[in-house]
Amino acid sequence: MKNRIWWTFLLVLIVVAVLIGLFYLPRISVADVDLRRVNILSDVQQRDEEGNIVAEVKADEADGFVEKGVDSAAIEVRQMSYVDTVPKGMVAIEDFADDRGVHREMDHFYSALNAARQRPVRVAYFGDSYIEGDILTMDLRGLLQQKYGGKGVGFVEIACVSSDFRRSATTKRSGWNRYHANEKGRGFKANLQGPAGSYFIPSGTATYEIRGQKNVYANLLDTADMATVFFTPGNGLNISYTLNGGTSQSLFSNGTAQAPETYDEVVESLDSDSVVQYKTVKRTVDPAQQGAGNVMAKSINGRIGRFSMSVSGGQGSRFYGVALDAPTGIAVDNFSMRGSGGQHLGGIPQETLRSFASLRPYDLIILHYGLNVANPKQKDYSAYVGQLGKVIDHLKEAYPHASILVVSMGDRDKKGNDGQLHTMGGVKEMVSFERKMASDHRVAFWNLYEAMGGDGSLAKMTEKKQANLDYTHINFAGGRYLAGLLFDVLMNGKENYDNRVR
């Protein structure tokens, strides 16, 4: 019988050649998860924390198998930040407002909390799909209201993509044409949008209903003390409303001239010791003189579990949303936009922002973006934060007294070549660029990525059923957890503030 050992040797060579060839195939992803690369030398090659080979491989070889990019640790800020004293394990808010310590960005908000039993203290939380459906903000609102008072879910759009799964409020609507910054091909005009990046035009007779829910923070969300409608009226507009299914009443009509309306406005000032003081002054506005570009707010007081309105007439009218809250205590408004990087906020006319600022002033504005911009193939985000920095300046102009806090993007995970889940490439760089942006524009910054645990933390949250299997988004349980972290760091900052001004 012939000896065919050489056939075995040839077969081994063929297998080795095929395996080496598979290594150089383009990376393949399924459902946004990179499949593990075939590599017969993996056990003897050095790897980074994502499982990528880093030894003796050039950055432009092997289809970008090793990325050459910005070192996140080397992105330096322009000035030192003020950091509160914090308990061990807590990631503090960094305040870049003034390196001399004369002015600190968060002080206005901390001071306002001391007045929460006398006036409303409002928070605007701008973000992407990470907070969609009132995730995270619902629990932050509840925690703040439990401590400082307040009721209701805050500002809610007439309609949005998360209306059907939002737990803190349910809405019903009919007869509205929706225009949104995410749908620019459908007649959207940026100069007409409100703070949520949208506006709504009634068609014929339009109806809207909103009610708080009892399944979460029942004593805070199921009823409110005040309902406020935000709109720009057209000639002949008529709005009627009902509370809790009761008798219909007129809310607004500009078919005929109306008497001037007086309302209270809270004005902020500093005393000789630079301590924030507040006083209430009377303002007068004549609805008949309101032009088409001005925003109005009409409020109804009472024990409100369900608010309904019917709108007719008023060609050229635009509506933005309804707020349910109280005349004192905490209000947290969720302004989420799926797929957004936050740049759309720069397209809101300054006149519109100032109108909203006079009607619904904020004490704290939170910007939480980056999720839809960070990607494994990009390391330099200077162009993006340049755009978002302009948004900060835009908001500062309209809300000069508000504290502004940049919350970094959180962890986002992908499977590395070692088969394990690690922080996706680009995340750490994004966080570093966002921190530098806060420094450049002298506002406050909170590193959510570090606060939630850093590398692979979202995978751990997924194991605890606090995040979705896309290893990108948190769920309501995760929102509750992260809201607790943010609440704790805010309360720690408030304690430090109180100790300084005593």
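See the structure shown above.
Model, not experiment: these values are computed from the prediction. (Residues numbered from 1 in each chain as written. Predicted model: local features only at pLDDT ≥ 70, side-chain atom pairs only at ≥ 80, totals over all residues. Heavy atoms only, no water.)

So what's going on with the pairing of strand β11 (residues 249-253)? Which residues, and what values?
With four bridges joining them, strand β10 (residues 238-243) and β11 adopt antiparallel strand pairing. Bridging from a neighbouring strand, Ser-240 pairs with Ser-250 of β11. (Pairing = 2+ DSSP bridges. Helix = DSSP H or I, 4+ residues; strand = E, 2+ residues; numbered from the N terminus.)

Go over the pattern of salt bridges with me, naming the residues and quoting the values.
Scanning the entire structure with this criterion turns up 16 salt bridges. Asp-363 is the salt-bridge partner of Arg-119, the closest N and O atoms lying 2.9 Å from each other. Of this pair, Arg-119 sits in the loop between α2 (107-113) and β5 (120-127) while Asp-363 sits in the loop between α5 (350-359) and β18 (364-368), and the two are 244 residues apart along the sequence. The salt bridge partner of Lys-436 is Asp-440, with a shortest N-O separation of 3.0 Å. Separated by four residues within a single helix, Lys-436 and Asp-440 lie in helix α7 (residues 427-440), roughly one turn from each other. Lys-436 gets classed as partly exposed once you look at its relative accessible area, which sits at 21%. You can call Asp-440 partly exposed: its relative accessible area is 27%. Overlapping salt bridges bring together Asp-134, Arg-141 and Arg-166 as one network. (Salt bridge = Lys/Arg side-chain N within 4 Å of Asp/Glu carboxyl O. Buried < 20%, exposed > 50% of the residue type's maximum accessible area, 1.4 Å probe, protein only.)

How would you summarise the side chain of Arg-119 if you had to cite specific residues and measurements?
What makes Arg-119 buried here is its relative accessible area of 9%. Within polar-contact distance, the side chain of Arg-119 engages the side chain of Asp-363 at 2.9 Å. (Polar contact = N/O pair within 3.5 Å; in protein donor to acceptor, adjacent residues only side chain to side chain.)

Before we move on, could you go through empty space enclosed by the protein and cite the residues and values that matter?
Within this structure, the stated rule accounts for four cavities of 30 Å³ or more. Volume-wise, the largest cavity comes out at about 80 Å³. Taken together, Gly-133, Asp-134, Phe-155, Val-156, Glu-157, Cys-160, Ser-162, Arg-166, Ala-196, Asn-334, Phe-335 and Ser-336 form the lining of the largest cavity. Counting only elements with at least two residues in the lining of the largest cavity, the list comes to β6 (154-157) and β17 (329-336). In terms of residue class, the lining of the largest cavity is built from five nonpolar, four polar and three charged. There is about 60 Å³ of room inside the second largest cavity. Class assignment of the residues belonging to the lining of the second largest cavity gives a composition of four nonpolar, no polar and five charged. (1 Å grid on protein atoms, 1.4 Å probe; cavity = no way out; pocket = protein on both sides within 12 Å on 5 of 7 lines; lining within 4 Å. Points joined across faces, edges and corners; volume = space filled by probe spheres on them. Nonpolar A, V, L, I, M, F, W, Y, C, P; charged D, E, K, R; others polar.)

A description of the packing of helix α6 (residues 382-398) against α7 should follow, citing residues and the corresponding values.
Closest axis-to-axis distance for the α6/α7 pair is 10 Å, and the angle between their directions is 35°. As for how α6 packs across α7, the hand of that crossing is right-handed. Between α6, through Ser-382, Tyr-384, Val-385, Leu-388, Gly-389 and Ile-392, and α7, the contact on the second element is made entirely by Met-430, Phe-433, Glu-434 and Met-437. Among the residues forming the contact of α6 with α7, the class breakdown is seven nonpolar, two polar and one charged. (Axes fitted to C-alpha atoms, helices over the stretch in contact; angles between N-to-C directions. Left-handed = near helix turned anticlockwise from the far one by under 90°. Contact = heavy atoms within 4.5 Å.)

Residues and numbers for the side chain of Ser-168, please.
Within the fold, Ser-168 resides in the loop between β6 and β7 (169-180). Residue class for Ser-168 comes out buried when judged on its relative accessible area of 0%. Here Asp-134 takes part through its side chain, which lies 2.6 Å from a polar atom of the side chain of Ser-168. Polar contacts involving the side chain of Ser-168 include one to the side chain of Arg-166, which spans 2.9 Å. In contact with Ser-168, other than residues within four places in its own chain, are Asp-134, Met-138, Arg-141, Val-153, Gly-212, Gln-213 and Leu-221.

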